[in-house]
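Observations on the three-dimensional arrangement
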Amino acid sequence: MADKIDLRKTLDAYRARQGEFRIVDLEPARYLMVDGHGDPNTSPAFAEAIEKLYPVAYALKFASKQELERDYVVPPLEGLWSADDMASFTTARDKSAWNWTLVIRTPDWIDAGLVDAAIGKAAAKNPPRLAELRWELLDEGRAVQTLHVGSFDDEGPVLERMHDAFIPQHGLRMTGRHHEVYLSDFRRVPPERRRTILRQPVEAA
């Protein structure tokens, strides 16, 4: 069997530095996805979405290892975020207005058959919990990203500089949804040590 693959170490999408905004061109990729709305700190649906994603992600990993002899590290949890007023992410920080989709990336050799089998295996333990989970292609194209170290509540000034300074200064405008990659497990890592990639899809203005 080949060595275990860690997408965080091989893909440019997972490279970012604190204090540096970088323009990246991202290839389309497929993700396990669950949608929700509201404050992630208080919404039960947010925790439930995580509980839906991980059993399927690990069932898929083990199926790939056993059936395809291709093992990999399950990629980090990620989140797609949107709101009617983007100020709710920067200055207002109104979390109750946020729409979110939690996602976990799947390697490009995974196919629909393996995904369906993994969902079936996880659903056999908790049938109602996986009804809203889907496997979908995400094509963000060009994006700006940086690494944030610290509490999620301290992201506002970083996003404000990204949205209001770096992006327009480079002849770009925002498209798509605000994207976060949780390099740290926020269920276990204290706020001041969390490492999060902040990403915003863009296009030419």
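For the structure itself, consult the block above.
Position numbers for residues count from 1 along each chain, tracking the sequence in the order it is written. pLDDT decides what is reported in this predicted model: residues at 70 or higher carry local features, side-chain atom pairs at 80 or more are listed and counted, and totals for whole chains, interfaces and linings draw on all residues regardless. Note that the side-chain values use all heavy atoms of the structure and ignore hydrogens as well as water.

This part is about the overall build of the protein. Strands here mean DSSP runs of E at least two residues long; helices mean DSSP runs of H or I at least four residues long; both are numbered from the N terminus. When you go through the protein residue by residue, the secondary structure sums to four helices and nine strands. Both definitions apply: the radius of gyration is a C-alpha atom measure, and the globule rule equals 2.2 Å times residues to the power 0.38. Whereas a compact globule of 205 residues would reach a radius of gyration of roughly 17 Å, the protein reaches 17 Å, a difference of no more than 12%. Seen through its principal axes, the protein has C-alpha atoms that stretch 50 × 35 × 30 Å. Throughout, exposure labels follow a simple rule: accessible area from a 1.4 Å probe, protein chains only, divided by the maximum for the residue type, with under 20% read as buried, over 50% as exposed, and the rest as partly exposed. Burial statistics for the protein: of 205 residues in total, 49% are counted as buried.

To continue, consider helix α2 (residues 44–68). The terminal C-alpha atoms of α2 lie 36 Å apart, and with 25 residues this matches the ideal 36 Å at 1.5 Å per residue to within 8%. E69 occupies a position one or two residues after α2 and carries a positive phi of about 55°. Multiplying 1.5 Å by the helix residue count minus one yields the expected span of that helix.

The aromatic pairing rule takes the rings of Phe, Tyr and Trp, using the six-membered ring of Trp, and pairs them if the centres are within 6.5 Å, calling planes under 30 degrees apart stacked, those over 60 edge-to-face and the rest tilted. Within this structure, the stated rule accounts for 11 aromatic pairs. With a centroid separation of 6.3 Å and 35° between ring planes, the pair formed by F46 and F186 is classed as tilted. In this pair, F46 is assigned in helix α2 and F186 in the loop between β8 (178–182) and β9 (195–204), connecting sequence segments 140 residues apart. Each member of the pair, F46 as well as F186, is classed as buried. For the ring pair F152 and F186, a centre distance of 5.7 Å and an interplane angle of 80° mean the geometry is edge-to-face.

Despite not being glycine, E69 shows a phi value in the positive range, around 55°. Structurally, the position occupied by E69 is in the loop between α2 and β3 (77–82).

Attention now moves to the pattern of salt bridges. By definition, a salt bridge exists where a carboxyl oxygen of Asp or Glu is found within 4 Å of a side-chain nitrogen of Lys or Arg. Taken as a whole and judged by the stated rule, the model has 13 salt bridges. Across the pair D12 and R22 runs a salt bridge, and its minimum N-O distance is 3.2 Å. Remark: R22 occurs in strand β1 (residues 22–26) and D12 occurs in the loop between α1 (7–10) and β1; sequence separation between them is 10 residues. Overall, the relative accessible area of 32% leaves D12 in the partly exposed class. Two residues, E132 and K52, come together in a salt bridge whose shortest N-O distance is 3.6 Å. Taken together, the positions of E132 in the loop between α3 (112–123) and β5 (134–138) and K52 in helix α2 put the pair 80 residues apart, joining distant regions of the chain.

As used here, the term nonpolar core means buried Ala, Val, Leu, Ile, Met, Phe, Trp, Tyr and Cys residues forming a set that is joined through side-chain atoms within 4.5 Å. Grouped together as the largest cluster of nonpolar side chains are 35 residues, with contacts concentrated most on L32, L53, V56, L77, L102, I110 and L133. If you list the elements that add at least two residues to this core, you get β2 (29–37), α2, β3, β4 (99–105) and α3. Looking at which element gives the most residues to this core, the answer is α2, with 10 residues. In this structure, V158, L159, L172 and V202 belong to the second largest nonpolar core, which totals nine residues.

So, on to the packing of α2 against α3. The N-to-C vectors of α2 and α3 enclose an angle of 125°; their axes lie 8 Å apart at closest approach. By the angle between their axes, α2 is oblique relative to α3. As α2 runs across α3, the sense of the crossing is right-handed. Contact residues: α2 offers P55, V56, A59, L60, A63, E67 and L68, while α3 offers L114, V115, A118, I119, K121 and A122. Fitted lines through C-alpha atoms serve as axes, helices being fitted only where they are in contact, and the angles separating the N-to-C directions of these axes extend from 0 to 180 degrees. An angle below 35 degrees is read as roughly parallel, one above 145 as roughly antiparallel, one from 65 to 115 as roughly perpendicular, and any other as oblique. Should the near helix be turned anticlockwise from the far one by less than a right angle, the crossing is termed left-handed; should it be turned clockwise, right-handed. Two residues qualify as a contact provided that any one of their heavy atoms is within 4.5 Å of a heavy atom in the partner residue.

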